[in-house]
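Here is how the chains run, residue by residue.
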Amino acid sequence: MKRLPVLFVLLWIGKFSIAQDSTKYVKKVKMVKQERQVCFNMTPLAAQFVPFNSINPLTTGPVNIGLKLFVNNVAYRFGAGVNLANFDDPNENIHLNIRNGIEIRKKINDKWNYSHGCDAVLSLGNLNLPGNTQANSDILIGVAPFWGVEYMIGKNLSISTETSLLIGISEGDFGATPRLQFIPPIALFLNIKH
């Protein structure tokens, strides 16, 4: 009987010390959120409903379709735009544009996101921009830091646009020349998350 109070006190002290030490060993688990987005350049469709200052709806920027693979808020992204319809016509808008890069997305609020990153760019022909649509034999290799905004329409649907600064080397009729070109935010992308 004399040992019962001592045993009770030792158990109480042991329980208190174990409870304090166990919180030190709890590891914080960071949830990994994966997301895939398919991006469609919907400027030609939107131009049918809203006249964008009478520009050609086929000159919608370098990229027509893209794919983004997000892990948390960092994405690998790939995009391509192509028009190889008629090589014989010197006024034909002939181009093949490919981008490959990294995007970092930051949430502004529940509806708006901001993104930035950098792409490696390969362009054959032109960049499919207004005023830059004649066929040429330029080959461009470079990088393009970009900045964009995205508006969430729903849980799996959003629209976005972006601007970039193209820095590269262009090989054309005048030989290899450095190239620095601003690509305005003329493309409106529909992003579908799946």
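Presented here is a report on the structure given in the accompanying data block. It should be emphasised that the depicted structure is a prediction, and the values quoted were computed from it without experimental measurement. (Residues numbered from 1 in each chain as written. Predicted model: local features only at pLDDT ≥ 70, side-chain atom pairs only at ≥ 80, totals over all residues. Heavy atoms only, no water.)

1. Thoughts on the nonpolar core
The condition that has to hold: We call a set of buried residues a nonpolar core when its members are Ala, Val, Leu, Ile, Met, Phe, Trp, Tyr or Cys and they connect through side-chain atoms within 4.5 Å of each other. Exposure classes here rest on a 1.4 Å probe applied to the protein chains alone. A residue is buried below 20% of its type maximum, exposed above 50%, and partly exposed in between. Whether two residues are in contact is decided by their heavy atoms: any pair within 4.5 Å suffices.
Counting residues in each nonpolar core, the largest one holds seven residues, listed as V121, L127, L129, L140, A144, L166 and I183. Every residue in contact with I183, bar those within four places of it in the chain, is listed here: P62, L127, L129, T163, S164 and L166.

2. Comments concerning the environment of I139
Selection criterion: In this text, helices come from DSSP runs of H or I with a minimum length of four residues, and strands from runs of E with a minimum of two, each type numbered from the N-terminal end.
Residue position: I139 is located in strand 6 (residues 139–152). Considering only alpha carbons, one finds I139 and E171, 32 residues apart in sequence, at a separation of 5.1 Å. Not counting residues within four places of it along the chain, the set of residues in contact with I139 comprises S123, L124, I169, S170 and E171.

3. Some details on the pattern of salt bridges
Put simply, the rule is: Think of a salt bridge as a Lys or Arg side-chain nitrogen and an Asp or Glu carboxyl oxygen that are within 4 Å of each other.
Applying the stated criterion across every chain yields a total of seven salt bridges. K68 is the salt-bridge partner of E103, the closest N and O atoms lying 3.1 Å from each other. Note that E103 is positioned in strand 4 (residues 95–107) and K68 in strand 2 (residues 65–71), a separation of 35 residues in sequence. The pair E103 / K68 is uniform in exposure class, with both members buried. Residue E162 is joined to R77 by a salt bridge in which the shortest nitrogen-to-oxygen separation is 2.8 Å. With a gap of 85 residues between them, E162 in strand 7 (residues 157–172) and R77 in strand 3 (residues 74–83) connect regions that are remote in the sequence. Judged by relative accessible area, which is 0%, R77 ranks as buried. Sharing partners across several salt bridges, the network here consists of K68, R77, R99, E103, D119 and E162.

4. Details of unusual backbone geometry
A negative phi holds for most residues other than glycine; trans holds for most peptide bonds. Although it is not a glycine, N72 adopts a positive phi angle of roughly 55°. Along the chain, the position of N72 falls in the loop between strand 2 and strand 3. Not every positive phi belongs to a glycine, and N128 is a case in point at roughly 60°. If you trace the backbone, N128 turns up in the loop between strand 5 (112–125) and strand 6.

5. Remarks on the side chain of K68
Classification of K68 as buried rests on a relative accessible area of 7%. Once residues within four sequence positions are removed from consideration, K68 is found in contact with E35, R36, Q37, C39, A75, Y76, R77 and E103.

6. Topic: a nonpolar patch on the surface
The condition that has to hold: Each patch is assembled from residues with relative accessible area greater than 30% and no salt bridge, linking like charges that lie within 9 Å and nonpolar side chains (Val, Leu, Ile, Met, Phe, Trp, Tyr) that lie within 5 Å. Surface accessibility in these figures is a Shrake-Rupley result with a 1.4 Å probe; residues are shielded only by whichever protein chains are displayed.
On the surface, a cluster of nonpolar side chains totalling about 540 Å² of accessible area is made up of L67, L69, V74, Y76, F78, I102 and I104. Within the secondary structure, V74 sits in strand 3. Under the relative-accessibility criterion, V74 is labelled partly exposed at 43%.

7. Considering the packing of aromatic side chains
To keep it simple, the criterion reads: Any Phe, Tyr or Trp ring, taking Trp's six-membered ring, that has another such ring centre within 6.5 Å forms a pair; planes under 30 degrees apart are called stacked, those over 60 apart edge-to-face, and the others tilted. Two conditions define a charge sitting above a ring: the NZ of Lys or the CZ of Arg must be within 6 Å of the ring centre, and it must be within 35 degrees of the ring normal.
This structure, assessed with the given rule, holds one aromatic pair. Seen from the ring of F189, R99 lies directly overhead, with NZ or CZ sitting 6.0 Å from the centre. Just above the ring of F70 sits the side chain of R105; from NZ or CZ to the centre is 3.9 Å.

8. Observations regarding the environment of G79
Locating G79 in the fold gives a position in strand 3. When its relative accessible area of 0% is taken as the criterion, G79 is described as buried. Sequence separation between G79 and N97 is 18 residues, and the spatial gap between their C-alpha atoms is 8.2 Å. The contacts of G79, once residues within four sequence positions are left out, are V63, I65, G66, N97, I98 and R99.

9. Some details on the side chain of R99
As a reminder of what qualifies: Identification of polar contacts relies on pairs of N or O atoms within 3.5 Å, with a donor-acceptor requirement for protein atoms, meaning one able to donate a hydrogen and the other able to accept it, and with residues adjacent in sequence counted only if both atoms are side-chain atoms.
The topology assignment puts R99 in strand 4. Polar side-chain contacts of R99 include one of 3.1 Å to the side chain of E162. Not counting residues within four places of it along the chain, the set of residues in contact with R99 comprises V63, R77, F78, G79, D119, A120 and E162.

10. Considering the pairing of strand 4
So the rule is basically this: Should DSSP find at least two bridges between two strands, the strands are regarded as paired.
Pairing analysis gives ten bridges linking strand 3 to strand 4, with the strands arranged antiparallel. Considered in strand 4, the bridge of R77 is made with G101. Both strand 4 and strand 5 contribute to a ladder of 13 bridges, which runs antiparallel. Following the sheet pairing, R105 is matched in strand 5 by S115.

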